Amino acid sequence: GKVMAQAIVSQAGDGGGVVLDFTPPEGVKIMQAVAQQGLIDKVKWGSSTPLNDTSVPDAVGEQWENKMFINAELALLDSNGPDMQLYRAINKKYSPDNPLGSFGQMGFVAAKVFTDTVLELPEDQLNKEGINEAILNIKGFKTDILCKPWYFQKMKLHVPNNTDRTVTPKDGKMVEAEGCTDIPDSYPDMKYVREFEAQNDVNK
């Protein structure tokens, strides 16, 4: 951890930026090593989604508040929408030793999208063809776990979750640093996806 912490800070250079892309156990080790060596303020820190996990804030401590900004593709882990309440209840019942986090939210949303879609099908379509067709025509799936409705269509690129928020550790939990924000369509992939959304009415 210590050697890696020094290496990444030195590569970024003073005032540069570092984006971590690790699961919580590895990411936390690096953050702890960075803190121990007094390197937090040398660079700006960001992280991909996995560090948005209830085990992280206490593990890294208050010195990381407003210093580490994590891309949270889904709802705040303590938010109280109906699907977040259901996700926490299911996690508590079936996987109580696992902290809440983005991976759990994603699995829950995927299962809910599939279940809700199949439950709406008439009995004569409950076969491989009927189910596959229904999945390829999901539009406007609303859940409080995502910033905007989700869809699944026949597309060359599939990025329906293209709006997200940013969180930072504070007082033992992840808090919102920036609310739901569109991922910029300066990326060619996003241009295609946004045009598809505009033309095909899939978000409503």
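Our subject is the structure listed above.
Attention in this report is confined to the structure presented alongside it. What you see is a predicted model; the values in this text were computed from it and never measured.

A closer look at the state of the cysteines
Should the sulfur atoms of two cysteines be covalently bonded, the bond is a disulfide.
Alright, step 1. Taken as a whole, this structure holds one disulfide when the rule is applied.
Alright, step 2. Covalently, cysteine 147 is tied to cysteine 180 through a disulfide, its sulfur atoms 2.1 Å apart. Judged by the torsion about the S-S bond (-80°), the cysteine 147/cysteine 180 disulfide is left-handed. With cysteine 147 in the loop between β4 (138-141) and β5 (150-152) and cysteine 180 in strand β7 (residues 173-182), this residue pair connects regions lying 33 residues apart in the sequence.
Alright, step 3. You can call cysteine 180 partly exposed: its relative accessible area is 40%.

Considerations on the sheet that holds strand β6 (residues 163-170)
Alright, step 1. With mixed pairing, five strands are arranged side by side in an open sheet as β1-β2-β3-β6-β7. In this open sheet, the two strands that pair with only one neighbour each are β1 (17-20) and β7. Going across the sheet, the axis of each strand differs from the next one's by a mean of 25°, ignoring polarity.
Alright, step 2. Strand direction decides the pairing type here: strand β2 (residues 44-47) and strand β3 (residues 68-72), joined by three bridges, are parallel. When the sheet's bridge partners are listed, tryptophan 45 is paired in β3 with methionine 68.

Considerations on the packing of aromatic side chains
Alright, step 1. Scanning the entire structure with this criterion turns up four aromatic pairs.
Alright, step 2. Centre to centre, the rings of tryptophan 45 and tryptophan 64 are 5.4 Å apart; their planes meet at 80°, and the pair counts as edge-to-face. Of this pair, tryptophan 45 sits in strand β2 while tryptophan 64 is found in the loop between α3 (56-60) and β3, placing the two residues 19 residues apart along the sequence. An identical accessibility class is assigned to tryptophan 45 and tryptophan 64; each is buried.
Alright, step 3. With a centroid separation of 6.5 Å and an interplanar angle of 25°, the aromatic rings of tyrosine 151 and phenylalanine 196 are classed as stacked. Residue tyrosine 151 is found in strand β5, and its partner phenylalanine 196 is found in helix α7 (residues 188-200); the two are separated by 45 residues along the sequence. Neither tyrosine 151 nor phenylalanine 196 differs from the other in exposure class; each is buried.
Alright, step 4. Here the guanidinium or amino end of lysine 156 rests over the ring plane of tyrosine 192, the centre of that ring lying 4.8 Å away.

Conventions we followed
- Residues numbered from 1 in each chain as written.
- Predicted model: local features only at pLDDT ≥ 70, side-chain atom pairs only at ≥ 80, totals over all residues.
- Heavy atoms only, no water.
- Disulfide = S-S within 2.5 Å.
- Helix = DSSP H or I, 4+ residues; strand = E, 2+ residues; numbered from the N terminus.
- Buried < 20%, exposed > 50% of the residue type's maximum accessible area, 1.4 Å probe, protein only.
- Pairing = 2+ DSSP bridges.
- Axes fitted to C-alpha atoms, helices over the stretch in contact; angles between N-to-C directions.
- Phe/Tyr/Trp six-rings, centres within 6.5 Å; stacked < 30°, edge-to-face > 60°.
- Lys NZ or Arg CZ within 6 Å of the ring centre and 35° of its normal.

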